[in-house]
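Architecture and fold: a report
Here's the letter readout for the chains.
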Amino acid sequence: MFIGKRAVVIGAGIGGLAAAQALAGKFEKIVVLERDVLPLQPEARAGVPQGRHAHALLPGGAAALDVLFGNCSAALVEAGAKRSDLGMRLVYEVGGRAMPQRELGTPLIKCSRPLVEAVVRGVVQQRNDIAILDGRRVTGIVATPDGSAVSAVACEARDGMQERYEADL
């Protein structure tokens, strides 16, 4: 049983894709609006200022992505991410002195942010109930006439056309 016809998610980063995936099955259709034109391959994009920084998934983050997106950890490794231990190949300094490297028993998945987005986006794009629309700059949140709820999201497409997506959420 659906709780609504359409949900609109603003942003196709990791958070937006996770929100869309979590809403799947609860709404007939989920529309994800993204300002950037999304790359076909894993690459940094303007809308993610921290996207070029080194990234790693700790066990909790990897487990959360695995629950939402199937076996995301394995898909990341298959796509080029590296498994490691939190204590290895990282330098920790305490009081200006480097601590020795050693296995801590905390697994880490090291990869780029664009790689995580690409793998997660690939899973979401396989769903028929989620549409990712890139090149759309959100210009407003439209309220119901009494102002008690959101009824739509307004945006501008890359060709300058104004669009409006009615939403129950």
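Each chain carries its own residue numbering, running from 1 in the written order of its sequence. Local features in a predicted model are, by the rule used here, given only for residues with pLDDT of at least 70; side-chain atom pairs are given and counted only at 80 or more, and totals for whole chains, interfaces and linings are based on all residues. The basis for every side-chain value is the complete set of heavy atoms in the structure, and neither hydrogens nor water enter the calculation.

Some thoughts on helix α4 (residues 113-125)
Numbered from the N terminus, helices here are DSSP runs of H or I no shorter than four residues, and strands are runs of E no shorter than two. The span expected for a helix works out to 1.5 Å for each residue beyond the first. Taking 1.5 Å per residue, 13 residues should reach 18 Å; α4 reaches 18 Å between its end C-alpha atoms and fits that length. Among all positions of α4, only Arg113, Pro114, Leu115, Val116, Glu117, Val119, Val120, Arg121 and Val124 are buried. Should any heavy atoms of two residues lie within 4.5 Å, those residues are considered in contact. Buried residues in α4 make contact with α1 (14-23), β3 (54-57), α2 (59-69), α3 (72-78), β7 (107-112) and β8 (130-133). One side-chain oxygen at the N-terminal end of α4 lies 3.1 Å from the backbone nitrogen of Leu115; it belongs to Ser112. The rule is simple: take the accessible area with a 1.4 Å probe, protein chains only, and divide by the maximum for that residue type; under 20% is buried, over 50% is exposed, in between is partly exposed. Residues adjacent in sequence count toward polar contacts only when both atoms are side-chain atoms; beyond that, a polar contact is any pair of N or O atoms within 3.5 Å, and within protein one must be able to donate a hydrogen and the other to accept it.

Quick word on the sheet that holds strand β10 (residues 150-157)
Pairing between strands is defined by DSSP: at least two bridges between them are needed. Strand order in the open sheet formed by three strands is β9-β10-β11, with antiparallel pairing between adjacent strands. Of all strands in the sheet, those with a lone pairing partner are β9 (136-143) and β11 (162-166), marking the two edges. Neighbour-to-neighbour, the strand axes of the sheet open up by a mean angle of 25 degrees, direction not taken into account. Bridge count between β10 and β11: five bridges; the pairing is antiparallel. Directly across from Cys155, in β11, lies its bridge partner Glu163. Helix axes are fitted to C-alpha atoms over the stretch in contact, other axes to C-alpha atoms as well, and angles between N-to-C directions run from 0 to 180 degrees.

Digging into the pairing of strand β2 (residues 27-33)
The element β2 is extensively covered by neighbouring structure, given that five of its seven residues are classed as buried. Across four bridges, the pairing between β2 and β8 is parallel. Bridge pairing in β8 places Val31 opposite Ala131.

What to know about α1
Buried within α1 are the following residues: Gly16, Leu17, Ala18, Ala20, Gln21 and Leu23. Where the residues of α1 are buried, they touch β1 (4-10), β2, α2, α4 and β8. The first or second residue beyond α1 is Gly25, which carries a positive phi of 90 degrees.

Points about the side chain of Arg121
Mapped onto the secondary structure, Arg121 falls in helix α4. On the accessibility criterion, Arg121 (5% relative accessible area) is buried.

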